[in-house]
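Results of the structural survey
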Amino acid sequence: MRDQDNETISGELADAIELLREQPSVRPAWRDDLLRQAYAPESAGTAAPTRAWRVSLSVPWALAAGIACALIGAGGAMLVRRPAIAPANVIAEQHVAESAAVMLPVRFSLSAPSAARVSIVGDFNNWNPATLPMRRSADGRVWEVEVRLPLGRYNYAFMVDGRLARDPGAPSTADDDFGTPNSVLMVRGS
Amino acid sequence: MRKLLLMAAGLGLAAVTAGAQERTLPDKLAPATRATLERLIDSARTAGIPSVPLYDKVSEGVLKGGDDDRIVRAVRTLARELSDARTVFGPGAELPLLSAGASALHAGVAVNDLRRIASSSGAATDPGTLTTALVTLVDLVAKRVPVALATSSIQSLVDRHASDRQFSELRNGVEQDILAGRAPDASVTARIKLQGITPP
């Protein structure tokens, strides 16, 4: 260590502070050895459960874990920042990073004030009217339901008091296989 | 690293599985119809045609009260249209595009016209926008726009690299015009002109 007289301390102290702020350079082999010792079981007889990711921790693993966490965090942020719920009759307004894992909330709504029961059927629920009943809005005029769907193209229709009806605001198919055309929903990525 | 990647992939897979529907044939089908449909769907799958839309067609048919023969016919037709669409778009085409292509063929668009739209430079940039273009095309046909006019109008938009928004505007505009009493073909011609494209 250097001498510390009052006149030089302040300058050296500043240097020391700077040095302390820097990461010490450590030989990778030494660091690996230290980490192995730190995470090794205390004795061969103690069967403390050890989590796999800790056992194999090393500097490259730590870096890899950091990168993976950052990527997962970025993915989460992307989902959080997605547009709010898309109405079903809007084509292609959902633009998020394309991934098979992306599920987007889509709100279906239908104005049917005199209906007693409304549900939605389509490719997303095996055309089963029991699985997605719609709820009447507070003013009693509109029926709504929100569904989370993977990216894709879906045929669907409303079931209003046992009768099929297409969504008046959505594109139609020209499909006359069974006498009633469907509406089409696209949940898009970009 | 590999473990971490697998872990991340596993998280994503869980989300997909939560939203995916298990496809099975409905119970209401007669045993003979069920056997026919199973054979049909199996051969389609073997030929590389996605089976999900075929199962969906069966479920749709059962809900809509179609008799068994009609359901089998519809599934057979859809399998052929999906196969034609796959020939047009290539084996790597994703399901939404294949389904939209099959739907266009079902609406009366010729395979060659579908191929022309698909080979446009505007179509090459984004399969999603091409899918939107085909959904719009089918919607126009459903609105009684003649198939030839609807096809050439969509072709001209695709050639000009039209965006999803432009296709949506065309569809919404034509719908408003029809509600206001305008003829579907006159509406399409005028709307295409409005978008700065020479009418076909």
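These numbers come from a predicted model, not from an experiment.

Definitions and limits used
- Residues numbered from 1 in each chain as written.
- Chains lettered and ligands numbered in written order.
- Predicted model: local features only at pLDDT ≥ 70, side-chain atom pairs only at ≥ 80, totals over all residues.
- Heavy atoms only, no water.
- Helix = DSSP H or I, 4+ residues; strand = E, 2+ residues; numbered from the N terminus.
- Buried < 20%, exposed > 50% of the residue type's maximum accessible area, 1.4 Å probe, protein only.
- Contact = heavy atoms within 4.5 Å.
- Areas by Shrake-Rupley, 256 points an atom, 1.4 Å probe, with all protein chains shown as cover.
- Pairing = 2+ DSSP bridges.
- Core = buried A, V, L, I, M, F, W, Y, C linked by side-chain atoms within 4.5 Å.
- pLDDT = per-residue confidence, 0-100.
- Axes fitted to C-alpha atoms, helices over the stretch in contact; angles between N-to-C directions.
- Parallel < 35°, antiparallel > 145°, perpendicular 65-115°, else oblique.
- Left-handed = near helix turned anticlockwise from the far one by under 90°.
- Nonpolar A, V, L, I, M, F, W, Y, C, P; charged D, E, K, R; others polar.

Next up on the list: the overall build of chain B. Counting secondary structure elements, chain B contains 11 helices and zero strands. Looking at chain B as a whole, 48% of its 200 residues qualify as buried. Contacts in chain B between residues at least 24 apart in sequence constitute 63% of all its contacts with a sequence separation of at least 6. Taken as a whole, chain B presents about 9700 Å² of accessible surface, with 55% of it coming from carbon and sulfur.

Okay, the overall build of chain A next. Within chain A one finds four helices and eight strands. When its helices and strands are written in sequence order, chain A yields α-α-α-α-β-β-β-β-β-β-β-β. Here the contacts in chain A between residues at least 6 apart in sequence split such that 61% fall between residues at least 24 apart. As presented, chain A carries roughly 11800 Å² of accessible surface, and 57% of it is formed by carbon and sulfur atoms.

Counting through the fold element by element, Thr33 of chain B comes out in helix α2 (residues 31-46). In this structure Thr33 of chain B touches Asp68 and Val72 of chain B, once residues within four positions along its chain are discounted.

Here is the key point about a regular strand: its side chains alternate between the two faces of the sheet. Residue and element names in this part refer to chain A. Direction of pairing for strand β2 (residues 103-111) relative to strand β5 (residues 142-150): antiparallel, over a ladder of nine bridges. Considered in β5, the bridge of Pro105 is made with Arg148. Of the pairings in the sheet, the one linking strand β4 (residues 135-136) to β5 comprises two bridges and is antiparallel in character. From the neighbouring strand, Arg135 faces β5, where its bridge partner is Glu144. The loop that links β4 with its antiparallel partner β5 comprises five residues; one of these, Gly140, has a positive phi angle of about 80°.

Let us now look at the environment of Val75 of chain B. All names here are of chain B. Within the fold, Val75 resides in helix α4 (residues 68-89). On the basis of relative accessible area, Val75 is assigned to the buried category, the value being 0%. Sequence separation between Val75 and Leu54 is 21 residues, and the spatial gap between their C-alpha atoms is 5.8 Å. Among all residues touching Val75, those that are not within four sequence positions of it are Leu37, Leu40, Leu54, Lys57 and Val58.

It is worth spelling out the nonpolar core at this point. By size, the foremost hydrophobic cluster in this structure holds 56 residues, and its most contacted members are Phe89 and Ile154 of chain B. The leading source of residues in this core is α4 of chain B, at 10 residues. In contact with Ile154 of chain B, other than residues within four places in its own chain, are Ile117, Ala133, Thr136, Leu137, Leu140, Phe167 and Leu170 of chain B. In terms of nonpolar packing, the next biggest core, distinct from the first, is built from 24 residues, Leu104, Phe124, Phe158 and Leu185 of chain A among them.

Here the focus is the confidence of the model for chain B. Residue and element names in this part refer to chain B. Per-residue pLDDT for chain B averages 87, and the proportion of residues at 70 or more is 85%. For chain B, the element scoring lowest by mean pLDDT is helix α1 (residues 2-19), at 36; α4 scores highest, at 97. As scored by the predictor, the complex reaches a pTM of 0.70 and an ipTM of 0.85.

Residue and element names in this part refer to chain B. Following both chains from N to C, one finds helix α10 (residues 164-179) and helix α11 (residues 184-194) inclined at 140°, their axes separated by 9 Å at the closest point. Put simply, α10 runs oblique to α11. The way α10 lies across α11 gives a crossing that is right-handed. Contacts from Leu170, Gly173, Val174, Gln176, Asp177 and Ile178 of α10 reach α11 at Pro184, Ser187, Val188, Arg191 and Ile192. Of the residues assigned to the contact of α10 with α11, the class counts are six nonpolar, three polar and two charged.

Quick look at unusual backbone geometry now. Residues and elements named next belong to chain A. If you check the backbone angles, Trp127 has positive phi at about 55° while not being a glycine. Turning to its location among the elements, Trp127 is positioned in the loop between β3 (118-122) and β4. For Asp161, which is not a glycine, the phi torsion comes out positive at approximately 50°. Following the sequence through the fold, Asp161 ends up in the loop between β6 (152-160) and β7 (163-165).

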